[in-house]
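What follows is the residue order along each chain.
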Amino acid sequence: MSDWLSTLIPQDASVFQAIEVIEKSSLQIAVVVDLERELLGLVTDGDVRRAILQNISFDSPVKSIMHRECITATISDSRETLAHLMNTHGLRHIPIVDEKNCIIDLKLLHETTDPPRRDNWVVLMAGGQGQRLRPLTGDTPKPLLKVGSKPLLENIIENFRKYGLFNFIITLFYKAEMIEEYFGDGSKWGVNISYLREKNQLGTIGAISLLPELPTDPLIVMNGDLLTEVNYAKILDFHTVNKATGTICARGFDYQVPYGVIEVDKHHLVSLKEKPVHSFFVNAGIYVLEPHILNLIPQGQPFDITQLFDELLNLKKDVSVFPIHEYWVDIGRLEDYKRANGEYDQHFPSAVSE
């Protein structure tokens, strides 16, 4: 496999450059090397997310977040030895080095195997009327608007399937029959699909109260108007490892104030900052919920996800935040829809070639 060459970054690279390498490479890792390709460290997707949560600047040197002590193997090690090393140390990658510790290959634990099938339910909230996308949604519900060559919701389902998730529940309100007719029971895509129909709109998560039974495993809830490259299996694993009651995905967002900002103490000037940039985490519309907290959602009444997480915080439950650095777009406005279509080929090339 030659793709491992694309994972190499120099030791003077920044955290931002490491993120670019991880996102662009199918191997999901950045390998830090010197000019002779001597292995200096590794940066994984998990390292990046921890850095984001710790507010480490993307301009910081990559050495500030990389693993310096790496488990390595040699070209003479057997496949069984490599598998044992990776399983023992919980690794998805292992660098192959020569006698000078220079990298000559990168092996993956599951290069040729499909992801394990997961029993978790995925609830896709697809009942909105898409008012901000008028006139496109006048005759077509937003989930059936095409992004690339296929409807938005079809792209979402296929992306979940790549990570071993096959059980879907779609909540419906606006033009529900068109969505049901298109997707049916999901057998065309090799998945299972059932539906929850809202008689009245129930907010951003109230439709969950219509479930005929509680799931036995954590469930993913996602807005049905998102296009993203995020790894859903990683979100589930993150939720489990952190023993969270609920997990909310967050996206970094920067806002530049268009004016000089003055800080005042009484009538005295304290500081004057020209067009400062403020950084925030914003709700990315993807959640993992433990089954028992679904009882907090009132039956058949409008209820928003913000109310649910407020209640979890009031009850002092453990709520985790999973930062998303991958491609993500909320298709809520016409300009977002045009952007998603314009960027689709770049971020989902395999879907284009199907």
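Structural data are supplied above this passage.
Counting restarts for each chain, with residues numbered from 1 along the sequence as it is written. Residues qualify for local features only when their pLDDT is at least 70, as the model is predicted, and side-chain atom pairs are given and counted only at 80 or more; totals for whole chains, interfaces and linings, by contrast, use all residues. Hydrogens and water are ignored here; the side-chain numbers use all heavy atoms of the structure.

Below, the discussion takes up helix α2 (residues 45–53). For every residue, the accessible area (1.4 Å probe, protein chains only) is compared with the maximum for its type, and the residue is labelled buried under 20%, exposed over 50%, or partly exposed between those bounds. Secondary structure is summarised from DSSP: a helix means a run of H or I of at least four residues, a strand means a run of E of at least two, and numbering begins at the N terminus for each. Of the positions making up α2, those classed as buried are Asp 45, Asp 47, Val 48, Arg 49, Ala 51 and Ile 52. The contact rule is simple, with two residues in contact once any of their heavy atoms fall within 4.5 Å. For α2, the elements touching its buried residues are α1 (15–24), β3 (39–44), α6 (232–241), β16 (277–289) and β17 (319–324). At the C-terminal side of α2, Asn 55 shows a positive phi close to 60°.

The geometry of two aromatic rings is summed up by the distance between their centres and the angle between their planes. Stacked, edge-to-face and tilted are the three classes for Phe, Tyr and Trp ring pairs, Trp counted by its six-membered ring, which pair at centre distances within 6.5 Å; planes under 30 degrees apart are stacked, over 60 edge-to-face, the rest tilted. Applying the stated criterion to the full structure yields nine aromatic pairs. Ring plane angle 15° and centroid distance 3.6 Å describe the contact between Phe 160 and Tyr 232, whose orientation is recorded as stacked. Here Phe 160 is found in helix α4 (residues 152–161), whereas its partner Tyr 232 is found in helix α6, with 72 residues between them in sequence. Of the two residues, Phe 160 and Tyr 232, both sit in the buried class. An angle of 80° between the planes, with centres 5.1 Å apart, marks the rings of Phe 238 and Phe 322 as edge-to-face.

Our focus in this paragraph is the state of the cysteines. Formally, a disulfide is one covalent bond, and it connects the sulfur atom of one cysteine to the sulfur atom of another. The definition used for a disulfide is geometric: two cysteine sulfur atoms within 2.5 Å. Counted under the stated rule, the structure contains zero disulfides. The thiol of Cys 102 is unpaired, and the distance to the nearest cysteine sulfur, on Cys 70, comes to 13 Å. Looking at Cys 102, the relative accessible area reads 11%, which means it is buried.

Attention now moves to the pairing of strand β9 (residues 165–172). Side-chain direction in a regular strand flips from residue to residue, so the side chains alternate between the two faces of the sheet. Summarising burial for β9: eight of the eight residues are buried, a large majority. Here strand β6 (residues 118–125) pairs with β9 via six bridges, running parallel. Pairing of Trp 121 across the sheet is with Asn 167, part of β9. Between any two strands, at least two bridges found by DSSP are needed for them to pair. Across six bridges, β9 lies against strand β10 (residues 192–197) in parallel orientation. By the bridge assignment, Ile 169 is partnered in β10 with Ser 194. Clockwise travel from the first strand over the helix to the second, with the strands pointing away from the viewer, marks a crossover as right-handed. Note that the unit made of β9, helix α5 (residues 176–183) and β10 has a crossover that is right-handed.

Here the focus is the packing of α4 against α5. Relative orientation and spacing of two packed helices are given, respectively, by the angle between their axes and the distance between those axes. The axes are straight lines fitted to the C-alpha atoms, using for helices just the contacting stretch, and the angles between their N-to-C directions are given from 0 to 180°. For the pair α4 and α5, the least separation of the axes is 11 Å and the interaxial angle reads 45°. In terms of axis orientation, α4 runs oblique to α5. α4 and α5 meet at a crossing whose hand is right-handed. In contact with Leu 153, Glu 154 and Ile 157 of α4, α5 contributes Ile 179, Tyr 182 and Phe 183. Under the scheme applied here, ten amino acids are nonpolar (Ala, Val, Leu, Ile, Met, Phe, Trp, Tyr, Cys and Pro), four are charged (Asp, Glu, Lys and Arg), and all others, including Gly, are polar. Residue classes in the contact of α4 with α5 are distributed as five nonpolar, no polar and one charged. Working definition: roughly parallel below 35 degrees, roughly antiparallel above 145 degrees, roughly perpendicular at 65 to 115 degrees, and oblique for all remaining angles. Helix crossings are classified by the rotation of the near helix relative to the far one: an anticlockwise turn of less than a right angle makes the crossing left-handed, while a clockwise turn makes it right-handed.

Our next topic: the pattern of salt bridges. Here a salt bridge means any side-chain nitrogen of Lys or Arg lying within 4 Å of a carboxyl oxygen belonging to Asp or Glu. Enumeration over the complete set of coordinates arrives at twelve salt bridges. Arg 49 is the salt-bridge partner of Asp 45, the closest N and O atoms lying 2.7 Å from each other. Here Arg 49 and Asp 45 lie together in helix α2, a separation of four residues that amounts to about one turn. There is no split in this pair, since Asp 45 and Arg 49 are both buried. The partner of Glu 326 in a salt bridge is Arg 49, and the shortest N-O contact between them spans 2.3 Å. With a gap of 277 residues between them, Glu 326 in the loop between β17 and β18 (328–330) and Arg 49 in helix α2 connect regions that are remote in the sequence. Of the two residues, Glu 326 and Arg 49, both sit in the buried class.

Treat this as a map of the structure, not an account of what it does.
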